[in-house]
Amino acid sequence: MTEPTPAITTFRDFNIAEPLLTALDEIGYETPSPIQAQAIPPLLAGLDVLGHAPTGTGKTAAFALPLLSRLDMQDKNVQIMTLTPTRELAIQVAEAYQRYAKNIQGFHVLPIYGGQEYSGQIRQLKRGVQVVVGTPGRVMDHMRKGTLKLNGLRALVLDEADEMLRMGFIEE
Ligand code: AMP
């Protein structure tokens, strides 16, 4: 990955969509963390990124902000999917997407994981969500059933990819 641009000191230096910048002001983030300064520009440009940073350094916002910035609210398909190794992380990441997108009208994010009724997840998928955050097993179940269609997907995030590989999802 390239070094951060020294000129970037606030989120307004990026070409992030206005509703997201307003949310960041409200949440109180002032300065992008190093992983955010490095990952946001290439993700805004639609490039693939492999990010590596310790826990708690702002990785979630590093991918969520630029990807949310590129959402098309007229598009009814699932546009962003994030896979996480655990249901706890799926819930946490879905909450983060919701927090950053709180000023985007009509925004819906759905966490999907095992041990939860299919019916509620299917109902919400039918109603339409822009972002799905899920664990690999349950996501693949929905794909096989045809209840999760990914033909309109624009971005895929493998959060804690090393952990998912360790759990045995290499083939998938
Ligand atoms: P994460 O590494 O994504 O789990 O984020 C760790 C914590 O840092 C979370 O509580 C975030 O809300 C917070 N955070 C992320 N980015 C920033 C930032 N630029 N400024 C202040 N706090 C942040």
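Below or above, wherever it landed, is the structure these notes cover. (Residues numbered from 1 in each chain as written. Predicted model: local features only at pLDDT ≥ 70, side-chain atom pairs only at ≥ 80, totals over all residues. Heavy atoms only, no water.)

## Some details on the overall build of the chain
Definition in use: A run of H or I in DSSP becomes a helix once it reaches four residues, and a run of E becomes a strand once it reaches two; helices and strands are each numbered from the N terminus. Restricting the calculation to C-alpha atoms gives the radius of gyration, and the globule rule supplies 2.2 Å times the number of residues raised to the power 0.38. Throughout, exposure labels follow a simple rule: accessible area from a 1.4 Å probe, protein chains only, divided by the maximum for the residue type, with under 20% read as buried, over 50% as exposed, and the rest as partly exposed. In this analysis, two residues are considered to be in contact whenever any of their non-hydrogen atoms come within 4.5 Å of each other. Shrake-Rupley sampling with a 1.4 Å probe provides the accessible areas, and residues are treated as covered by the protein chains on show and by no other component.
Counting secondary structure elements, the chain contains 7 helices and 4 strands. Listing each helix as α and each strand as β along the chain from the N terminus yields α-α-α-β-α-β-α-β-α-β-α. The globule rule puts the C-alpha radius of gyration for 172 residues at 16 Å, and the 16 Å found for the chain is close to it. Along the first, second and third principal axes, the C-alpha atoms of the chain reach 50 × 35 × 25 Å. Scored against the burial criterion, the 172 residues of the chain give a buried share of 44%. The long-range share in the chain, meaning contacts at least 24 apart out of those at least 6 apart in sequence, stands at 64%. Carbon and sulfur atoms make up 51% of the accessible area of the chain, which totals about 9700 Å².

## A short note on the site of the ligand
So the rule is basically this: What makes a residue near a molecule or strand is one non-hydrogen atom of that residue sitting within 4 Å of it. Any pair of N or O atoms that falls within 3.5 Å is considered a polar contact. Within protein, one atom must be able to donate a hydrogen and the other to accept it, and sequence-neighbouring residues count only if both atoms are side-chain atoms. The nonpolar class holds Ala, Val, Leu, Ile, Met, Phe, Trp, Tyr, Cys and Pro. Asp, Glu, Lys and Arg form the charged class, and all remaining residues, Gly among them, are polar.
The immediate surroundings of the ligand are formed by Phe 11, Tyr 29, Thr 31, Ser 33, Gln 36, Gly 56, Thr 57, Gly 58, Lys 59 and Thr 60. At 2.3 Å from an oxygen atom of the ligand is found a side-chain nitrogen or oxygen belonging to Tyr 29. A distance of 2.8 Å separates a nitrogen atom of the ligand from a polar side-chain atom of Gln 36. Relative to its free-state accessible area of 500 Å², the ligand is covered by the protein chains to the extent of 63%. For the shell around the ligand, the residue count by class is 2 nonpolar, 7 polar and 1 charged.

## Re the pattern of salt bridges
Heads up, the condition is: We count a salt bridge whenever a side-chain nitrogen from Lys or Arg sits within 4 Å of a carboxyl oxygen from Asp or Glu.
Counting across every chain of the model gives 7 salt bridges. Put simply, Arg 154 and Asp 72 hold a salt bridge, and the shortest N to O gap is 3.7 Å. Placement of the pair is Arg 154 in the loop between helix H6 (136–145) and strand S4 (155–158) and Asp 72 in the loop between helix H3 (59–69) and strand S1 (80–83), with a sequence separation of 82 residues. Judged by relative accessible area, Arg 154 falls into the partly exposed class, the value being 48%. Relative accessible area serves as the criterion here: at 29%, Asp 72 is assigned to the partly exposed category. Put simply, Arg 12, Glu 18 and Asp 25 are held in one network by salt bridges that share partners.

## Notes on the nonpolar core
Nonpolar side chains in soluble globular proteins generally cluster together in the buried interior. Put simply, the test is: Each nonpolar core is a collection of buried residues, namely Ala, Val, Leu, Ile, Met, Phe, Trp, Tyr and Cys, held together in the definition by side-chain atoms within 4.5 Å.
If you look at the biggest cluster of nonpolar residues, it comprises 37 residues, and the most contacted ones within it are Ile 16, Leu 68, Tyr 97, Tyr 100 and Phe 107. Counting only elements with at least two residues in this core, the list comes to helix H1 (18–27), helix H2 (34–44), H3, helix H4 (87–100), strand S3 (131–134) and S4. Discounting chain neighbours no more than four positions away, the residues touching Tyr 97 are Phe 63, Ala 64, Leu 67, Leu 68, Ile 80, Thr 82, Phe 107, Val 109, Val 131, Val 133 and Val 157. Counting 11 residues, the second-largest nonpolar core is a separate cluster that includes Val 78, Ile 112, Val 129 and Val 132.

## Structural notes on the sheet that holds S4
For the record, the criterion: Should DSSP find at least two bridges between two strands, the strands are taken to pair. Only the stretch in contact is used when a helix axis is fitted, and all axes are lines through C-alpha atoms; the angle between N-to-C directions ranges over 0 to 180 degrees.
Read across the open sheet, the 4 strands follow the order S2-S3-S1-S4; overall the sheet is parallel. For this open sheet the edge positions go to strand S2 (109–112) and S4, each flanked by a neighbour on one side alone. With direction set aside, neighbouring strand axes in the sheet form an average angle of 15°. In this sheet, S4 lies alongside S1 in parallel orientation, the contact comprising 4 bridges. Looking at the pairing, Leu 83 lines up with Leu 158 of S4. Packed on one face of the sheet, H4 meets S1, S2, S3 and S4 and runs near 160° to S3.

## Focus on the packing of helix H5 (residues 118–127) against H6
Stated precisely, the cut-off is as follows: In a left-handed crossing the near helix is turned counterclockwise from the far helix by less than a right angle, and in a right-handed crossing that turn is clockwise.
The interhelical angle for the contact between H5 and H6, taken along N-to-C directions, is 65°, at an axis separation of 12 Å. Read as a crossing pair, H5 and H6 show a hand that is right-handed. Residues Tyr 118, Gln 121, Ile 122 and Leu 125 of H5 form the contact with H6, whose own contacting residues are Arg 138, Asp 141, His 142 and Lys 145. In terms of residue class, the contact of H5 with H6 is built from 3 nonpolar, 2 polar and 3 charged.

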